[in-house]
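Listed here are the chains, written in short residue letters.
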Amino acid sequence: MSRKPETGRDSRGRIRDYVHETLKKNMIRLKLEPGRLISEKEVAGMLQVSRTPIREAFVKLSREELIETVPQKGSFVSLIDLDHVEESRFVRETLESALVRQACTVLTAEQVLQLQNLVSLQELCVGEKNNERLFELDEEFHRTIIVGCGKKQTWGMIQQLSTHYSRLRFLRVAVTDDWQTIISEHQGIVRAIRENDPDRAEQLMREHLGRVNFEKHELKAKYPLYFK
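Just so you know, these numbers come straight off a predicted model, no measurement behind them. (Residues numbered from 1 in each chain as written. Predicted model: local features only at pLDDT ≥ 70, side-chain atom pairs only at ≥ 80, totals over all residues. Heavy atoms only, no water.)

As a further point, take the sheet that holds strand β2 (residues 67-70). Here we have three strands laid out as an open sheet, ordered β1-β3-β2, and antiparallel in their pairing. With one partner strand each, in any of the chains shown, β1 (37-38) and β2 form the two edges of the open sheet. Pairing of β1 with strand β3 (residues 74-77), which is carried by two bridges, proceeds in the antiparallel orientation. Note on β3: the bridge partner recorded for Leu-37 is Phe-76. (Pairing = 2+ DSSP bridges. Helix = DSSP H or I, 4+ residues; strand = E, 2+ residues; numbered from the N terminus.)

What follows is about the nonpolar core. In terms of nonpolar packing, the biggest core is built from 43 residues, with Val-85, Leu-115, Phe-141, Ile-145, Ile-189, Ile-193 and Phe-227 touching the most fellow members. Looking at this core, the elements that each hand over two or more residues are α4 (82-106), α5 (109-128), α6 (131-148), α7 (152-161), α8 (163-175), α9 (179-194), α10 (198-210) and α11 (212-222). Apart from the residues lying within four places of it in its own chain, the contact partners of Ile-145 are Val-100, Ala-103, Leu-107, Leu-115, Ile-189, Ile-193 and Met-205. (Core = buried A, V, L, I, M, F, W, Y, C linked by side-chain atoms within 4.5 Å. Buried < 20%, exposed > 50% of the residue type's maximum accessible area, 1.4 Å probe, protein only. Contact = heavy atoms within 4.5 Å.)

A few words on empty space enclosed by the protein. Evaluated as defined, the whole model comprises one cavity of 30 Å³ or more. By volume, the largest cavity amounts to about 170 Å³. In terms of lining residues, the largest cavity is bounded by 15 residues, among which Asp-138, Tyr-165, Arg-169, Arg-172 and His-208 are the most central. Residue assignment for the lining of the largest cavity shows that the elements contributing at least two residues are α6, α8, α10 and α11. Residues that form the lining of the largest cavity fall into these classes: seven nonpolar, two polar and six charged. (1 Å grid on protein atoms, 1.4 Å probe; cavity = no way out; pocket = protein on both sides within 12 Å on 5 of 7 lines; lining within 4 Å. Points joined across faces, edges and corners; volume = space filled by probe spheres on them. Nonpolar A, V, L, I, M, F, W, Y, C, P; charged D, E, K, R; others polar.)

Direction of pairing for β2 relative to β3: antiparallel, over a ladder of four bridges. Bridging from a neighbouring strand, Ile-67 pairs with Val-77 of β3. Taking the residues that link successive antiparallel strands as the turn, the β2-β3 hairpin has three residues, and the phi of Gln-72 there is positive, at about 70 degrees.

This part takes up unusual backbone geometry. Not every positive phi belongs to a glycine, and Gln-48 is a case in point at roughly 55 degrees. Its location among the elements puts Gln-48 in the loop between α2 (40-47) and α3 (51-63). Not every positive phi belongs to a glycine, and Gln-72 is a case in point at roughly 70 degrees. Along the chain, the position of Gln-72 falls in the loop between β2 and β3. Gln-72 gets classed as exposed once you look at its relative accessible area, which sits at 82%.

On inspection of all chains with the given rule, the structure shows two aromatic pairs. For the ring pair Phe-135 and Phe-170, a centre distance of 5.2 Å and an interplane angle of 85 degrees mean the geometry is edge-to-face. Highlighted residues: Phe-135 in helix α6 and Phe-170 in helix α8, separated in sequence by 35 residues. Classification of Phe-170 by relative accessible area gives buried; the value is 4%. Their ring planes at 20 degrees and their centres at 5.9 Å tell us that Tyr-223 and Tyr-226 sit as a pair that is stacked. Look at Tyr-223 and you get partly exposed, because its relative accessible area is 29%. (Phe/Tyr/Trp six-rings, centres within 6.5 Å; stacked < 30°, edge-to-face > 60°.)

Here we come to the side chain of Ser-78. Residue placement: Ser-78 occurs in the loop between β3 and α4. Within the structure, Ser-78 has its side chain in polar contact with the backbone oxygen of Glu-65 (distance 2.7 Å). Each residue touching Ser-78, except ones within four places of it in the same chain, is listed here: Pro-34, Gly-35, Glu-65, Leu-66, Ile-67, Glu-68, His-164 and Arg-167. (Polar contact = N/O pair within 3.5 Å; in protein donor to acceptor, adjacent residues only side chain to side chain.)

Take Val-147: it is sitting in helix α6. Distance from Val-147 to Leu-107, taken between C-alpha atoms, is 9.9 Å for residues 40 residues apart in sequence.

Attention now moves to the environment of Thr-108. Within the secondary structure, Thr-108 is located in the loop between α4 and α5. Thr-108 sits in the partly exposed class, given a relative accessible area of 41%. When the C-alpha atoms of Thr-108 and Cys-149 are compared, they prove to be 10.0 Å apart, with 41 residues separating the residues in sequence.

Because an α-helix packs 3.6 residues into every turn, residues spaced three or four apart end up facing the same way. Spanning 20 residues, α5 covers 29 Å between terminal C-alpha atoms, matching the ideal 28 Å at 1.5 Å per step. Among all positions of α5, only Val-112, Leu-115, Leu-118, Val-119, Gln-122 and Cys-125 are buried. Buried positions in α5, seen along its axis, are confined to an arc of 115 degrees and lie on one side of it. Pointing more than 90 degrees away from the buried face of α5 are the exposed residues Ala-109, Glu-110, Leu-113, Leu-124, Gly-127 and Glu-128. Count one or two residues on from α5 and you reach Lys-129, which has phi positive near 55 degrees. (Expected span 1.5 Å × (residues − 1). Arc of directions from axis to C-beta.)

Spelled out as structure tokens, the structure:
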């Protein structure tokens, strides 16, 4: 986990946000793995900040269901809940399938090129075996479509709902070598948008986001300690 840079002019709110975003990022990417005990003292040592912003960040992470506090035992990174995963998947599939239809007529040529560039960068990740960067680019791909359709707040809502889903997706990317499937699906979506084919774009998006249904139980069987 990275250490907090010299930011003497940061306000209390900025430090709290820094702590929250740093912890959340490390939980999503499983560097703080599900089921792990996490304490304010430990985080204070890692990030070199006082206990107050850590306590506030813990409260926010609890609301996002990334931290669970057990009386007399302490705070733990929450286990991945497949019921939450399925609900998030349902929300994302419903919203993104509708939005990708809009994208076929709303996105500019420059925005479609941006999507293609993101796919090209994902291809580079395969050669470099950089799973973290691939995950970031996957997120940016979906964000570009949603925000490009003028739905920035929708993207924010999806992020709030997707903490368990995102951890499962990262686990999938981290433990599989079949990254080409993700890239091929993204290529198909970009092609459908470029060709103004909303039916095809929706079908591909549903298949892309529905893939987790076929993989979640396999991942739970391989990593049972990560799951509720």
